[in-house]
Amino acid sequence: MTPQQIHELLVETFKDSIESANLESLEPHIQVKSAAIADVCRFLKSDHRLQMTHLNNLCGVDYLDPKTGVGRVEVVYHMQSYPLRHRICIKAALPRLGDGPNGLPTCPTVSNVWDVANWHEREAFDLVGVHFEGHPKLTRILCDEGWEGHPLRKDYIFPTHYQGVRAN
Amino acid sequence: MVSASQTEELVEFDVRTDEMLINMGPQHPSTHGVLRLLLRTDGEIIFGVESHLGYLHRCAEKIGENLTPVQWVPYTDRMDYLAGMNMNLGMALAVEKLLGLHLPQKAIVLRVLIAELNRVASHLVGMGAYGLDLGTFSPFLYAFREREIILDLFEEVCGARLTYSYITVGGVTHDLPACITIPPGLAALTGRDPKMTLSWIDACTMFLDWLEKRISEYHTLLTRNHIFIKRTAGMGLISSEKAVSYGCTGPVLRGSGVDWDLRRDGDPFYTKMYQGFDFKVPVAPFPEAPREVVLGDNWCRFYVRMLEVVEAIKLVRQAMAKYPTAEGAYRVPHKMSTKLPKDEVYLETECPRGAMGFYFVGNGDSKPYRARAKSSSFCNLSIAEELCEGVFLADVPAIVGSLDIVMGEIDR
């Protein structure tokens, strides 16, 4: 299926949860409401017309306009189908601050759809600061367990001290 | 009267006294880098594995947001440092797709030649180190002896033995040298004069002729070795559904029976590089496997890598045959200050350890807004926690080794 057809199928099934799509981009992507992302991903994997069996990539991107301070965090899902040989990219836009623990934005987990999302979501939590609801064990994976802050955020300030020792 | 509960009030930690917590710490010969595995064992049997990563995290993605892609190439070298050329290739291709750069034939042929030669070198390390994990020293040293020659050849091409930064945006940095001194290892092994000079292509051909005859030695030492089969066959079973669900790619996926190779099935921007090249994709099950072998076990993954070495050698020979008549330059001019379009691209390439994906988001500046490297070993390692449950302690290096991980790629 082409990205256009995948988008039409998703709009037909999920209606308002599909916000917009940019299908002319080099990597055609579909914006999905973050609350519905787990259902959309489950549909993408299980529907026989789509069969997106493989999650290629799950990462967070912090969009922040330095002048206005307005921004969003997007969680990007790249997936592909081994049997049907098509690919699509789904994005969920989240506010930069939310009502998750420590003021992080929340997004439903897809680790029960694709097992590989478990570690990718841990990395997105660690580096970009997105709290994935329903994740079995959302702890830091690359940074140290006691690290504060989320390094890939655009407004991240590198700490000068770590556990009392000057490090920068 | 003081009740028993007041005097004997204990603070109960989550310590299960029937289990032992063993730390297969960051410094360990068999963890292929700085990987910490916390093993909960009951005697010899593992109940649970908790892996701790991040000991080699060098913030490559954050740095990628502050450098132009050409400047970021050395950082990709250091991700999977055993297959640096393939890392460079993946990154360069992703940026070229974003910019819409098309390369001349010579650059493409050089890239295939070098990337496949690096695949041979990387698999030699994988195979040798796997033997070392299981206790045999000879295959490791033989593999490294072969790899020394490949590294010498790479040094003649680009000046570096491990962190090449050879394949960059726009092509490759140097052409193949026309006249080199024969690599010392090659001279010693083939009984030639160490001072002889020859072209790079001839040296490489000499090496490949020598290596092809030696592959059967590896089969005798490892693949068909009775002890090796006992330690690897039937263990670390990954079904094809699980392999796909855990995002395993590369030999791990093909060892579980899924026929998928990005050089043939991937993004057209990548597969067009391999058009005109003839190569087979080894996929389990193998009719010549010993009878103890099960689809998706350690032995299958190991054997896929052995067969891939043979295919990679074939590809290098084909590239060397195409090289003299390939048209164009080895590099197109590309300014470092070229602005990236306001678009994004995600491109996966078939690296020796799996599918390495690069996601670039450009926003009109010469530096990417987001530079993400999706590591194949990261996904391959995520299955190790589940695979190691219920096995003996001694099987953990066998299972983790068969996944052929490199921590540089996992932690970036």
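From a predicted model like this one, the values you see are computed outputs, not experimental measurements.

Colleague: Explain the sheet that holds strand β10 (residues 370-374) of chain B to me, please; I cannot follow it from the model alone.
Modeller: Hydrogen bonds between backbone groups are what pair the strands of a sheet, and the pairing can be parallel or antiparallel. All names here are of chain B. Strand order in the open sheet made by the three strands is β8-β9-β10, with antiparallel pairing throughout. Both outer strands of the open sheet, β8 (344-351) and β10, are each paired with one neighbouring strand and no more. Put simply, the sheet's adjacent strands are angled 15 degrees from each other on average, direction ignored. Relative to β10, strand β9 (residues 354-361) runs antiparallel, the two sharing five bridges. Counterpart to F360 in the pairing with β10 is A371. Strands in contact with helix α4 (residues 84-99) are β8 and β9; relative to β8, the strand with the most contacts, it is inclined by about 150 degrees.

Colleague: Please explain the confidence of the model for chain B as it appears in this structure.
Modeller: Do not read the predicted coordinates in detail wherever pLDDT is low. On average, chain B scores 89 in pLDDT, and the residues at 70 or more come to 96%. Between residues 1-6 of chain B, whose pLDDT stays under 50, and residues either more than four places distant or in other chains, the model counts one contact.

Colleague: Looking at this structure, how should I read the interface of chain A and chain B?
Modeller: Accessible area lost upon the coming together of the parts serves often as the stated size of an interface. Contacts between the two partners involve 24 residues from chain A and, on the opposite side, 29 residues from chain B. When contributions to the side of chain A that touches chain B are tallied by element, the ones reaching two or more residues are β3 (54-64) and α3 (117-127) of chain A. Per-element accounting of the side of chain A that touches chain B gives the leading share, six residues, to β3(A).

Colleague: Teacher, can you tell me more about unusual backbone geometry here?
Modeller: Here the amide bond leading from A284(B) into P285(B) is cis, since omega sits at 0 degrees, within 30 degrees of zero. By the element assignment, P285(B) lies in the loop between α13 (268-271) and α14 (298-322). Of note in this structure, N102(A) is not a glycine but carries a positive phi near 60 degrees. When you line up the elements, N102(A) lands in the loop between β5 (87-94) and β6 (106-108). Since 11 C-beta atoms lie within 10 Å of it, N102(A) is described here as exposed. Positive phi, close to 50 degrees, is recorded for D404(B), a residue that is not glycine.

What counts and what doesn't
- Residues numbered from 1 in each chain as written.
- Chains lettered and ligands numbered in written order.
- Predicted model: local features only at pLDDT ≥ 70, side-chain atom pairs only at ≥ 80, totals over all residues.
- Pairing = 2+ DSSP bridges.
- Helix = DSSP H or I, 4+ residues; strand = E, 2+ residues; numbered from the N terminus.
- Axes fitted to C-alpha atoms, helices over the stretch in contact; angles between N-to-C directions.
- Contact = placed C-beta atoms within 7 Å.
- pLDDT = per-residue confidence, 0-100.
- Buried ≥ 20, exposed ≤ 12 C-beta atoms within 10 Å, placed from the backbone.

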